[in-house]
Amino acid sequence: MARKAVRLSDIAEKLGVSTVTVSNALANQRGVSEELREKIKEMASEMGYHAPGTQIMAKTAVNIGVLVQERYLGNGSSFYWRLYQELAIACAAHNCLLAFCVLKPDEEKNTVLPVMVSDHRIDGLIVMGEISRAYLRMLEKEAGMPMIFLDFFAAEFDVDCVISNNFYGMYTATRHLIKKGHKKIAYVGSVKSSNSIADRYFGYLKAMRQYGLEEREEWIVEDRTSGTMEIIEPKLPKDMPTAFVCNCDQTASVLIHELEGNGYRVPEDVSVVGYDNFVFMPVCDVAITTYGVDMPEMAKAAAERIIARVKGLDKGPGRLSIISGNLIDGESVSTNIKINNYSGCKISKRAGMEKIPAFLQWLYLSQ
């Protein structure tokens with residue numbers, strides 16, 4: 001039987017210190033006394049610990065692992081497959097090799113450490129797409145290597161995060177509909193499914209409030225299952241709005257198909273705006289107006305951040321990089337009525353807003 005690889009937590013347990021302290025000592029970072037640093041290094045040598053990537057560093061400058069949850073990949077193409085391709089291009093420009101690992105649901109539930117991490121095959125890890133906090137805490141404790149989060153933000157971790165401009169992107173998309181004269185606008189997205197969908201909802205909310213427009217509970221439409229995150233056909237409201245703003249283009253495509261199946265024409269009767277400029281399984285023939293995510297720039301930022309961490313060029317606290325995109329005109333939006341001048345409108349107050357913490361109200365509504 002092969003000998004089990006020594007982990008940072010094993011060394012920490014022997015010496016009665018934290019895993020972070022062991023990691024900092026072995027990486028010659030600040031915050032550890034010289035005496036303790038020497039003890040940790042001696043113990044690591046005695047236990048046969050090998051730093052991540054030491055067995056293959058001669059072959060390439062940096063070896064990066066990419067971890068993504070299985071539910072984000074679907075049966076074929078997906079947003080994350082495309083983002084991974086952009087990441088591979090960005091890393092190749094820096095003489096990096098990528099190792100791809102799909103996280104199974106049971107592995108996430110049971111907090112199983114990826115083999116590429118436990119076997120020290122990589123020097124740094126990119127977690128692509130939001131996963132459970134319990135699993136992230138395990139990675140933080142056990143990985144013992146630089147780690148960044150791509151396409152999601154987790155404030156409780158001191159980790160670099162690279163995300164698209166979800167809040168202002170959706171604000172821009174919603175405002176586009178308002179400038180086209182729409183006042184009755186619904187948001188399509190399961191807000192509790194992920195932080196990204198929630199951020200986009202708050203961007204929608206800011207635009208509606210800024211221009212003094214009415215919000216209704218029935219105009220917040222679910223678009224996916226709670227467990228698998230599978231996109232479902234949105235249920236159309238009884239009191240139909242004149243426009244829908246969707247948290248992603250795939251949902252927008254499914255919604256347009258549902259609208260047309262119920263006798264509505266897009267955009268003649270109802271306008272639709274999406275987000276991300278990516279449809280992996282189109283079910284409609286309408287070119288969707290959307291807020292495009294700059295995937296090459298996100299990948300470039302992620303590659304540069306992880307490489308800087310692995311090479312020790314940046315030992316500061318984790319930072320958040322927000323990558324903006326741009327509005328892309330399609331064929332799914334039409335002018336509803338004579339465009340009104342909304343400038344100077346005061347933010348309205350929606351029933352139920354008191355349920356949102358005061359600091360979030362300020363953050364999302366007063367900017």
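How each quantity is defined
Residues numbered from 1 in each chain as written. Predicted model: local features only at pLDDT ≥ 70, side-chain atom pairs only at ≥ 80, totals over all residues. Heavy atoms only, no water. Patch = residues over 30% accessible without salt bridge, like charges linked within 9 Å, V, L, I, M, F, W, Y side chains within 5 Å. Areas by Shrake-Rupley, 256 points an atom, 1.4 Å probe, with all protein chains shown as cover. Salt bridge = Lys/Arg side-chain N within 4 Å of Asp/Glu carboxyl O. Helix = DSSP H or I, 4+ residues; strand = E, 2+ residues; numbered from the N terminus. Buried < 20%, exposed > 50% of the residue type's maximum accessible area, 1.4 Å probe, protein only. Pairing = 2+ DSSP bridges. Contact = heavy atoms within 4.5 Å. Axes fitted to C-alpha atoms, helices over the stretch in contact; angles between N-to-C directions. Phe/Tyr/Trp six-rings, centres within 6.5 Å; stacked < 30°, edge-to-face > 60°. Lys NZ or Arg CZ within 6 Å of the ring centre and 35° of its normal.

The next subject is a nonpolar patch on the surface. Taken together, Phe-153, Leu-320 and Ile-322 make up a surface patch of nonpolar side chains, about 250 Å² in accessible area. In this structure, Phe-153 sits in the loop between strand E4 (147–150) and strand E5 (160–164). Relative accessible area serves as the criterion here: at 35%, Phe-153 is assigned to the partly exposed category.

Further remarks concern the sheet that holds strand E8 (residues 243–246). Across the sheet, which stays open at both edges, the six strands sit in the order E7-E6-E8-E9-E10-E12 with mixed pairing between neighbours. Looking at the sheet topology across the chains shown, the edges are occupied by strand E7 (220–221) and strand E12 (326–328). Here three bridges tie E8 to strand E9 (residues 271–276), and the two strands are oriented parallel to one another. Bridging from a neighbouring strand, Ala-243 pairs with Ser-271 of E9. Seen against the sheet, helix H9 (residues 195–210) touches strand E6 (185–188), E7, E8 and E9 and runs at an angle of roughly 170° to E6.

For the coordinates displayed, the defined rule picks out 14 aromatic pairs. When the centroid spacing of 5.8 Å and the interplanar angle of 80° are considered together, the rings of Tyr-168 and Tyr-171 count as edge-to-face. Placement of the pair is Tyr-168 and Tyr-171 together in helix H8 (residues 166–179), with a separation of three residues, close to one helical turn. Under the relative-accessibility criterion, Tyr-168 is labelled partly exposed at 29%. Judged by centre distance (6.1 Å) and plane angle (35°), the rings of Tyr-201 and Tyr-204 are tilted. Pair noted here: Tyr-201 and Tyr-204 are both in helix H9, with a separation of three residues, about one helical turn. For Tyr-201, a relative accessible area of 10% corresponds to the buried category. A relative accessible area of 1% means that Tyr-204 is categorised as buried. One aromatic cluster is present, built from ring pairs that chain together Tyr-72, Phe-79, Tyr-80 and Phe-278. Taking NZ or CZ as reference, Arg-71 lies 4.9 Å from the ring centre of Tyr-72, over its face. Looking at Lys-206, its charged tip hangs above the ring of Tyr-171, at a distance of 5.7 Å from the centre.

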